[in-house]
Amino acid sequence: MPMVDGDLPSGLGPEEFSARIFGTGAPRSGAGLELAPFRGVRFAPGIDPAAVTSPPYDLLDRDQVERLKAGEARNIVRITLPDDYAEAAATLRRWLAGGTLVTDPDPALYLYETAGQRGLIGALGLRAEADKVVLPHENVYPGPVLDRLALMNETRANLEPIFLVYAGDGDTAQIIDATAERPPLMEFDADGQQHRLWRITDPALHVRIAADLRPRQALIADGHHRYATYRALQARHRQPAWNHGLALLVDSKRYPPHLGAIHRVLPHLPPEVALQRADGIFRTTELAWPDALSALSDTPGPAFLLGGGDSLYLLTDPDPTLLERALPATHSARWRNLDTAILDHLLIRKVWEVPEDEHSVEVVHDDPEAALDRARRTNGTAVVLTPLRVEDVLAVAAEGERVPRKSTSFGPKPRTGLVLRLIDTP
């Protein structure tokens with residue numbers, strides 16, 4: 001694990017940085033999957049949860065943040081996306097002292113339900129990747145980790161849960177079903193979805209859940225940078241309270257997650273140039289909307305929808321010789337067959353020669369029309385993809401590999417502000 005006395009290691013690429021922060025080569029501890037109860041911090045009864053909670057911080061743009069702040073002075077984004085880290089800590093302390101936030105009296109696991117999905121919110125035991133208990137499937141970058149590290153270190157709190165999935169259908173599932181038969185602790189609608197929360201405080205149920213989870217494996221579906229931050233804080237503080245991080249754990253056998261695509265927008269690449277360079281390396285077929293989207297989803301093998309101008313083109317059947325040369329030989333055959341690997345290594349890097357940074361390659365979650373609109377506004381190129389398969393992501397992660405950056409959009413993601421975890425709460 002990296003030492004982070006004042007800062008994270010600098011000068012490392014994402015692969016080496018991720019390997020160090022996740023503990024790829026660390027000694028195996030033998031510890032299993034753990035989701036511990038804790039005394040959650042929640043908005044006080046009488047405060048409308050729909051008004052004070054928010055979508056995850058990394059799905060919000062500046063305009064959305066300002067609208068949330070303008071709508072309710074106590075919205076959680078004032079802490080999760082502050083203008084200043086010290087200001088966030090001061091706001092948290094003020095809300096605690098004034099009764100806006102209250103601490104539950106007993107340690108609990110929290111059952112959370114939204115969009116037909118149920119999962120448990122608790123304190124996840126942090127594990128080195130070498131243990132093969134908590135599996136990352138994406139690399140992380142120093143910048144976002146530094147941001148969350150400064151925020152969590154200043155507030156001494158886990159402010160929003162990361163999202164993990166595991167193959168369960170065991171005793172925990174029975175406990176969840178029984179708990180959901182009771183009236184919820186809270187229930188509200190936000191962003192077109194119903195959200196419900198229950199509290200599980202019975203120590204005997206905690207013991208049963210712990211025994212059921214211990215031998216299992218969990219995949220980080222969303223929140224890699226926050227999990228990396230948990231690991232960095234664990235290394236920095238070396239105290240028991242930092243050995244856990246707030247997480248939502250969902251049984252993928254009972255509640256298969258939605259896995260959406262993350263589309264690319266290249267604002268500095270005109271679509272006619274993108275098409276000209278791709279033609280001859282891919283088979284290109286001009287199609288009309290919405291037939292183009294159907295053709296994309298029905299096409300086996302590597303396929304991409306290219307747009308941004310007045311026309312849409314389906315790209316299929318890449319030149320096998322050029323494809324073989326473009327993809328790194330160090331990766332498995334399964335990884336080399338991922339659409340996002342082919343897009344990144346063959347199209348973006350080799351054919352279009354576009355640097356992979358946030359200014360040259362933007363991303364749009366799930367919504368292909370939004371990606372195409374964004375490309376048209378910038379005279380750029382949109383690349384619409386089909387989602388990866390969950391089984392491919394699991395298999396790649398289990399082998400210690402990472403899918404290419406921004407390959408997956410798991411959902412539904414937990415709403416921020418329902419339950420917080422304070423490090424200093426006994």
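A. Highlighting helix 8 (residues 203–213). Buried residues of helix 8: L205, H206, I209, D212 and L213, and no others. Looking down the long axis of helix 8, one finds its buried residues gathered within 130 degrees of arc, a one-sided arrangement. Seen from the buried face of helix 8, the exposed residues on the opposite side, beyond 90 degrees, are P203 and V207.

B. How the structure looks around the pattern of salt bridges. In this structure the tally under the stated criterion is 24 salt bridges. D147 is paired through a salt bridge with R148; the nearest N and O atoms lie 2.8 Å apart. Taking the relative accessible area as the measure of exposure, D147 reaches 24% and is therefore partly exposed. Connected through salt bridges with shared partners, the residues E113, R118, D169, D177, R196 and R254 form a single ionic network.

C. Expanded view of helix 6 (residues 142–155). With 14 residues, helix 6 extends 20 Å from end C-alpha to end C-alpha; this agrees with the ideal 20 Å at 1.5 Å per step. Contacts from the buried residues of helix 6 go to helix 1 (14–22), helix 4 (77–80), helix 5 (85–98), strand 7 (157–158) and helix 9 (224–237). Looking one or two residues beyond helix 6, the residue adopting positive phi is R156, at roughly 50 degrees.

D. The sheet that holds strand 16 (residues 303–307), seen in detail. Across the sheet, which stays open at both edges, the six strands sit in the order 15-17-16-19-14-18 with antiparallel pairing between neighbours. Since the sheet does not close on itself, it has two edges, and those belong to strand 15 (283–287) and strand 18 (362–365), each with one partner. Averaged over all adjacent pairs, the angle separating strand axes in this sheet is 25 degrees, with direction ignored. As paired strands, strand 15 and strand 17 (residues 312–316) are joined by five bridges and run antiparallel to one another. Looking across to strand 17, one finds that T285 is bridged to L314. Against the sheet, helix 10 (residues 271–278) makes contact with strand 15, strand 16, strand 17 and strand 19 (381–384), and its axis sits at roughly 145 degrees relative to strand 16, the strand it touches most. Seen against the sheet, helix 14 (residues 339–351) touches strand 14 (262–266), strand 16, strand 17 and strand 19 and runs at an angle of roughly 55 degrees to strand 16.

E. Region of the structure containing a negative patch on the surface. On the surface, a cluster of negative charge is made up of D61, D63, E66, D83, D84, E87 and E154. Tracing the backbone shows D83 in the loop between helix 4 and helix 5.

F. Molecular detail of the nonpolar core. With 95 residues, the main nonpolar core has L124, L164, Y227, F304, L347 and W352 as its most contacted residues. Considering every element that reaches this core, the biggest residue donor is helix 14, with seven residues.

G. Representation of the packing of helix 7 (residues 171–180) against helix 8. Taken N-terminus to C-terminus, the directions of helix 7 and helix 8 make an angle of 140 degrees; their axes are 8 Å apart at the nearest point. Here D171, T172 and I175 of helix 7 lie close against helix 8, whose contacting residues are L205, R208, I209, D212 and L213. Residues that form the contact of helix 7 with helix 8 fall into these classes: four nonpolar, one polar and three charged.

Procedures and definitions
- Residues numbered from 1 in each chain as written.
- Predicted model: local features only at pLDDT ≥ 70, side-chain atom pairs only at ≥ 80, totals over all residues.
- Heavy atoms only, no water.
- Buried < 20%, exposed > 50% of the residue type's maximum accessible area, 1.4 Å probe, protein only.
- Helix = DSSP H or I, 4+ residues; strand = E, 2+ residues; numbered from the N terminus.
- Arc of directions from axis to C-beta.
- Salt bridge = Lys/Arg side-chain N within 4 Å of Asp/Glu carboxyl O.
- Expected span 1.5 Å × (residues − 1).
- Contact = heavy atoms within 4.5 Å.
- Pairing = 2+ DSSP bridges.
- Axes fitted to C-alpha atoms, helices over the stretch in contact; angles between N-to-C directions.
- Patch = residues over 30% accessible without salt bridge, like charges linked within 9 Å, V, L, I, M, F, W, Y side chains within 5 Å.
- Areas by Shrake-Rupley, 256 points an atom, 1.4 Å probe, with all protein chains shown as cover.
- Lys, Arg positive; Asp, Glu negative; His and termini not counted.
- Charge placed at Lys NZ, Arg CZ, Asp CG, Glu CD.
- Core = buried A, V, L, I, M, F, W, Y, C linked by side-chain atoms within 4.5 Å.
- Nonpolar A, V, L, I, M, F, W, Y, C, P; charged D, E, K, R; others polar.

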